[in-house]
Amino acid sequence: MSETPDPPNSRRPSVLTALITGAGSGVGEAVARALASRGHRVALVGRRAGHLEKLAADIGASGGTAAAFPCDVADPSSVTALKSAVESRFGLPHLLFNGAGLFGECVPIADSTPEVWLDTVRINTFGPYLVCRAFMAGMAAQGWGRIVNVSSAAALAPVYNVSSAYQLSKVALNHFTRQLAQELTGTGVTANVIHPGEVKTEMFAAIKADAASRTGPGRDMLKWVEKVERSGGDPAEKTADLVLDLLRPENDAITGKFLWIKDGLKAPMPSW
């Protein structure tokens, strides 16, 4: 997917610094590779240093620029250290892609594990909050930027009886992003959430394994798993295409929206 050249009055620099959380696998990795292949600098963020370093090496071997920044995005002190490290290496980022996420466990509320429930909300909602809070002022001062938070169609779907923490975390992320977009109005920085599609990521594998271990309602998640497996799932590269599309100057006004990949397995649902 080629990018449209910027008009002379565009504030977008020709080379961007992109910070990608959840970069070690799945859609985060696909977005990182796509941006690097177009000459942008990529800060790879996640909890598994080995995965990040391997990806950085792969990108470097292909002529791109990337560096690994191990970080727990839901830990305030870790994000403070991340900010210092990224800005020291690459300067202020122009793009934040918050892709780190956790599904949790396939159980009703009464059977849930408090630590897992809280960790799901912590990573899926508190993590993007901390990352955005750390970098948004600098991005606004630059006069151009993109914030993309990975949500889910589950946030728009009817309540399901074994995913209370996950659905809540994505509903909260949607509201947070809408407020973020409002607060950034007029700065040149936009903020949107996306549904990345039904992608067979490590989260998908974790849901499959957890559902297979359950009886009762939790096991019903296998119906969704089997449906995705029969279809082959959505390519992670479709998320990368959506992110690249948001970089185009003609999309400067798109903010505070729930966005969908092109021709995904899940038909777009009403949002706002």
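Throughout this description, residue numbers start from 1 for each chain and increase along the sequence as written. Local features are withheld for residues below a pLDDT of 70 in this predicted model, meaning they are given only at 70 or higher, and side-chain atom pairs are given and counted only at 80 or more; totals for whole chains, interfaces and linings count all residues. The basis for every side-chain value is the complete set of heavy atoms in the structure, and neither hydrogens nor water enter the calculation.

## Observations concerning the environment of Val-42
Link 1 in the chain: Numbering of helices and strands runs from the N terminus; a helix is a DSSP stretch of H or I covering at least four residues, while a strand is a stretch of E covering at least two. Locating Val-42 in the fold gives a position in strand β2 (residues 41-46).
Link 2 in the chain: Considering only alpha carbons, one finds Val-42 and Ala-32, 10 residues apart in sequence, at a separation of 6.4 Å.
Link 3 in the chain: Residues in contact with Val-42, not counting those within four places in the same chain, are Ala-18, Ile-20, Ala-32, Leu-35, Ala-36, Thr-65, Ala-66, Ala-67 and Phe-90. For this analysis, residues touch if any pair of their heavy atoms sits within 4.5 Å.

## Describing the pattern of salt bridges
Link 1 in the chain: The term salt bridge refers to a pairing of a side-chain nitrogen on Lys or Arg with a carboxyl oxygen on Asp or Glu at a separation within 4 Å. Overall, the coordinates contain 12 salt bridges when judged by the stated rule.
Link 2 in the chain: With a closest N to O distance of 3.0 Å, Glu-29 and Arg-33 form a salt bridge. Remark: Arg-33 and Glu-29 occur in helix α1 (residues 26-37); sequence separation between them is four residues, near one turn of the helix.
Link 3 in the chain: Owing to a relative accessible area of 23%, Glu-29 belongs among the partly exposed residues under this scheme. Burial classes follow relative accessibility: with a 1.4 Å probe on protein chains only, a residue under 20% of its type's maximum area counts as buried, one over 50% as exposed, and anything between as partly exposed.

## Concerning the sheet that holds β2
Link 1 in the chain: Strand order across the open sheet formed by seven strands is β3-β2-β1-β4-β5-β6-β7, with parallel pairing between neighbours. Edge positions in the open sheet fall to β3 (65-70) and β7 (258-260), since each of these has one partner strand only. Neighbouring strand axes in the sheet, compared pairwise and without regard to direction, differ in orientation by 20° on average.
Link 2 in the chain: Should DSSP find at least two bridges between two strands, the strands are regarded as paired. For strand β6 (residues 189-195) and β7, the ladder comprises three bridges, and the chain directions are parallel. In the sheet register, His-195 faces β7, and the bridge partner there is Trp-260. For helices, the fitted line uses only the C-alpha atoms of the stretch in contact; every axis is such a line through C-alpha atoms, and the angle between N-to-C directions lies from 0 to 180 degrees.

## A short note on the packing of aromatic side chains
Link 1 in the chain: The pairing test for Phe, Tyr and Trp rings, Trp by its six-membered ring, is centres within 6.5 Å, and the orientation test on the planes gives stacked under 30 degrees, edge-to-face over 60, and tilted for anything in between. The tally for this structure, following the rule as stated, stands at seven aromatic pairs.
Link 2 in the chain: With a centroid separation of 6.2 Å and 75° between ring planes, the pair formed by Tyr-129 and Phe-176 is classed as edge-to-face. With Tyr-129 in helix α4 (residues 114-142) and Phe-176 in helix α5 (residues 164-183), the pair connects residues that are 47 residues apart, well separated along the chain.
Link 3 in the chain: Taking the relative accessible area as the measure of exposure, Tyr-129 reaches 33% and is therefore partly exposed.
Link 4 in the chain: Measuring from ring centre to ring centre gives 6.0 Å for Phe-258 and Trp-272, while their planes differ by 90°; the resulting arrangement is edge-to-face.

## A few points about the confidence of the model for the chain
Detailed conclusions should not be drawn from predicted coordinates in areas where pLDDT is low.
Link 1 in the chain: Residues at a pLDDT of 70 or more form 96% of the chain, whose mean pLDDT is 95.
Link 2 in the chain: pLDDT measures the predictor's confidence residue by residue and takes values from 0 up to 100. For residues 1-9, every residue scores under 50 in pLDDT, and the model assigns this stretch 19 contacts once sequence neighbours within four places are set aside.

## Points about the environment of Asn-251
Link 1 in the chain: Turning to its location among the elements, Asn-251 is positioned in the loop between α8 (237-246) and β7.
Link 2 in the chain: Overall, the relative accessible area of 12% leaves Asn-251 in the buried class.
Link 3 in the chain: The spacing of Asn-251 and Gln-182 is 69 residues in sequence and 17 Å in space, taken between C-alpha atoms.
Link 4 in the chain: With sequence-adjacent residues up to four places away left out, Asn-251 is seen in contact with Arg-146, Asp-245 and Leu-246.

## Here we look at the packing of α4 against α5
Link 1 in the chain: Close contact between α4 and α5 brings their axes to 7 Å; oriented N to C, the two are set at 15°. The angle between α4 and α5 falls in the class roughly parallel. Considering only the axes of α4 and α5, their crossing is right-handed. Counted together, Trp-117, Thr-120, Val-121, Asn-124, Thr-125, Pro-128, Tyr-129, Cys-132 and Met-136 of α4 and Ser-164, Ala-165, Tyr-166, Leu-168, Ser-169, Lys-170, Ala-172, Leu-173, Phe-176, Leu-180 and Glu-183 of α5 form the full contact between these two elements. Each angle gets one of four labels, with under 35 degrees taken as roughly parallel, over 145 as roughly antiparallel, 65 to 115 as roughly perpendicular, and the rest as oblique. A crossing counts as left-handed when the near helix is turned anticlockwise from the far one by less than a right angle, and as right-handed when that turn is clockwise.

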